[in-house]
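Here is what each chain is made of, one letter per residue.
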Amino acid sequence: MLQKVVRSTIIDAPIERVWAVLRDFNSHDQWHSAVDTSRIEGNERSDQVGCVRSFTLKDGNRIREQLLTLDDTEHKSTYCIVEATLPLQRYVATVSLKPVTDGNRTFWHWASSFATPPGMERELHDRVAQGVYEAGFEDLRRHLLQGGDRQSRNGAAAMPTALPAPTRRIAITRYGGPEELRPQDGEAPPPREGEVRIQQRAIGVNFIDVYLRRGWIPPMLPVSAGSPGVPGMEAAGGVLDVGPHVSGFLPGDRVAYLGHTPGAYCSVRSVPAEWVVRLPAAVEDDAAAALLLKGITADYLLHDLGRVQHGTRLLVHAAAGGVGLLVCNWARRLGAVVIGTVSSEQKARVAREYGCEHVIVTRDYRFADTVQRICGGADVVIDGLGDAAREENLAALARRGHWISLGQASGPLKALPPDALVAKSLSFSRPVVFDYVSTQAQLAERAQRVWDALADGTIKMPPIERFSLEAAAQAHTRLESRATTGALVLVP
Ligand SMILES: NC(=O)c1ccc[n+]([C@@H]2O[C@H](COP(=O)([O-])OP(=O)(O)OC[C@H]3O[C@@H](n4cnc5c(N)ncnc54)[C@H](OP(=O)(O)O)[C@@H]3O)[C@@H](O)[C@H]2O)c1
């Protein structure tokens, strides 16, 4: 009678990383404590179906096994024993992996059937179940934890973790206009512990990059002639390599990141792994760079801070801008009454296409009377304009309205005395996106909401204006000219 042995476990590593080890039919001597030596016979590749591996076990037994199937899509392989000094007869085994859906973990299922000589059933069953499978689970866990899969057979690093990579970056040595943004060559050091080094393919341009360049937030981007500062808060690209104690990312993974320390205007960069999310296949690099920071901003503004719902009277400034279009789109889906300000008729057309029901065209920040006329005052104002719109915002708000001041494209907002709010019981918020993605889990969850919203049509992709990385200064000039609609992306 055939015996069956089935064991399974969860490995705390993404499926690609576990599979990269297990699909190599000749890898066991590197991680399985029962295996002494392993070689593939006849110089065949270790992923060639039909190849035979020859094991010597630590206890002196020898086993020859043949690879029967290998499926990289299903993450599954089968093999059988063709000859062994152990009395395992008609032994056929299957290894299969599945991703665990709530994180970067892997479900590993290992099963076999075989016959044994009478009287040896129990002994051989336990030997396979515990000595091979359960020990293998623990051994592979340890192997991955120690980064053993990142070492080549002769002990050298398999990936270029030790070398700096050349990078082209855009830096400023003093605060000022767009002309201060100058390309320079540099080196991206190898990723340190907890870091991921990324070959960037698209970099998101945000208005905060302009504030940093102008010197409005010096602690965030300190610069001097001897110590240039590199703006940029987000980018997308491919993982080059990872530092120690990083799980969840492998070289070649398509990723995007968002973080509170500038430095994204470059071609290669190492960033903390908590800033990074893997990209779904449907989201292209430039779409990710255009959407990650701005989409997450729209999400927290509408759902967390503004609590926008059906019937909310929402005033959105710069409604045709990067954040503005996403906010209009998403808010309309929530059933809000969306009123937007823009500075040109062309922008008004685009804002309408993205769900802005009432568009006010104004270049000089006059909108309060029209808002009052349209809806009797705004429940929520999403304001990236800053000082020039200050009095009009107060006048445009409805009783118990909420002024969300998220930016200051027109100039820094002067201090607001609490008494300015009391006349209509107003509330005032000054949020920053980075506080809404302060853990990897929050970032992953919010990014997923943005990708889902894009996939199900809740938001549509805003127009993207692309500039080469070298032309970052032109991108800034254009953003500041108030001529852009949608998002700007730099391409290294
Ligand atoms: N706090 C956060 O978490 C957070 C996150 C992301 C963005 N933001 C803020 O949200 C706002 C929008 O950001 P964005 O990156 O999507 O930029 P954007 O809206 O694409 O561009 C800025 C827009 O602001 C308007 N504007 C009005 N006066 C301006 C002036 N004097 N100079 C330049 N622009 C002026 C322009 O639209 P019109 O010409 O149509 O008026 C311009 O297109 C910015 O204030 C930004 O700082 C904040």
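Just so we're clear, the structure is a prediction, and the values are computed from it rather than from any experiment.

What counts and what doesn't
Residues numbered from 1 in each chain as written. Predicted model: local features only at pLDDT ≥ 70, side-chain atom pairs only at ≥ 80, totals over all residues. Heavy atoms only, no water. Helix = DSSP H or I, 4+ residues; strand = E, 2+ residues; numbered from the N terminus. Buried < 20%, exposed > 50% of the residue type's maximum accessible area, 1.4 Å probe, protein only. Contact = heavy atoms within 4.5 Å. UniProt positions renumbered as here; feature names shortened; annotations may be inferred. Pairing = 2+ DSSP bridges. Phe/Tyr/Trp six-rings, centres within 6.5 Å; stacked < 30°, edge-to-face > 60°. Axes fitted to C-alpha atoms, helices over the stretch in contact; angles between N-to-C directions. 1 Å grid on protein atoms, 1.4 Å probe; cavity = no way out; pocket = protein on both sides within 12 Å on 5 of 7 lines; lining within 4 Å. Points joined across faces, edges and corners; volume = space filled by probe spheres on them. Nonpolar A, V, L, I, M, F, W, Y, C, P; charged D, E, K, R; others polar. Near = heavy atom within 4 Å. Polar contact = N/O pair within 3.5 Å; in protein donor to acceptor, adjacent residues only side chain to side chain. Areas by Shrake-Rupley, 256 points an atom, 1.4 Å probe, with all protein chains shown as cover. Sits in = over half its atoms within 2 Å of the grid points. Domains from an automatic or database assignment.

## A short note on the environment of Glu-44
On the secondary structure map, Glu-44 appears in the loop between strand E2 (35-40) and strand E3 (52-57). Given the relative accessible area of 37%, Glu-44 is considered partly exposed. Along the sequence, Glu-44 and Pro-219 sit 175 residues apart, while their C-alpha atoms lie 59 Å from each other. Glu-44 has contacts with Gly-50 and Cys-51, leaving out every residue within four places of it along the chain.

## Concerning the UniProt feature "domain: Enoyl reductase (ER)" (unreviewed entry) in the chain
According to UniProt, the "domain: Enoyl reductase (ER)" (unreviewed entry) feature falls on residues 176-490. Secondary structure within residues 176-490 divides into 30% helix and 26% strand; the distance between the first and last C-alpha atoms comes to 20 Å.

## Points about the pairing of E3
Of all six residues that make up E3, five are buried, and the element is covered over most of its length. Here E2 runs beside E3; their pairing, made up of five bridges, is antiparallel. Bridging from a neighbouring strand, Val-35 pairs with Leu-57 of E3. Two elements, E3 and strand E4 (residues 62-71), share five bridges in a ladder whose sense is antiparallel. Note that in E4 the partner of Thr-56 across the bridge is Arg-62. Between the end of E3 and the start of E4, which pair antiparallel, lie four residues, with Gly-60 showing a positive phi angle near 95°.

## With respect to the packing of aromatic side chains
Tallying each qualifying case throughout the model produces 13 aromatic pairs. Ring geometry for Tyr-91 and Phe-114: centres 5.7 Å apart, planes at 25°, overall stacked. Residue Tyr-91 is found in strand E6 (residues 89-100), and its partner Phe-114 is found in strand E7 (residues 105-115); the two are separated by 23 residues along the sequence. The class of Tyr-91 is buried, set by a relative accessible area of 4%. Through pairs of rings, three or more aromatic residues link up here, namely Trp-31, Trp-108, Trp-110, Tyr-133 and Phe-137.

## Focus on the sheet that holds E2
Here seven strands make up an open sheet; going across it, the order is E1-E7-E6-E5-E4-E3-E2 and the pairing antiparallel. In the strand order of this sheet, the two ends are held by strand E1 (3-11) and E2, each with one partner. Strand after strand, the sheet turns through a mean of 20° between neighbouring axes, direction not considered. Against the sheet, helix H3 (residues 121-145) engages E1, E6 and E7, with an angle of about 15° to E1.

## Quick word on empty space enclosed by the protein
On inspection of all chains with the given rule, the structure shows one cavity of 30 Å³ or more. Looking at the lining of the largest cavity residue by residue, the classes come out as five nonpolar, two polar and two charged.

## Let's talk about the site of the ligand
Inspection of the region around the ligand gives 28 residues, with Tyr-211, Tyr-300, Ser-343, Tyr-365 and Val-433 positioned closest. Between the ligand and the protein, one listed contact pairs an oxygen atom with a side-chain N or O atom of Tyr-300 at 2.7 Å. The side chain of Lys-347 places a nitrogen or oxygen atom 3.0 Å from an oxygen atom of the ligand. Protein contacts shield 92% of the accessible area of the ligand, which totals 910 Å² for the unbound molecule. A molecule is said to occupy a pocket when more than half its atoms come within 2 Å of that pocket's grid points, and by this definition the ligand occupies the largest pocket. Mapped by element, the contributors of at least two residues to the shell around the ligand are helix H4 (207-214), helix H5 (285-305), helix H6 (322-333) and helix H12 (472-480). Sort the elements by how many residues they give to the shell around the ligand and H5 lands first, with three residues. Counting the residues that make up the shell around the ligand, at least three belong to each of domain 2 (165-292 + 484-491) and domain 3 (310-430).

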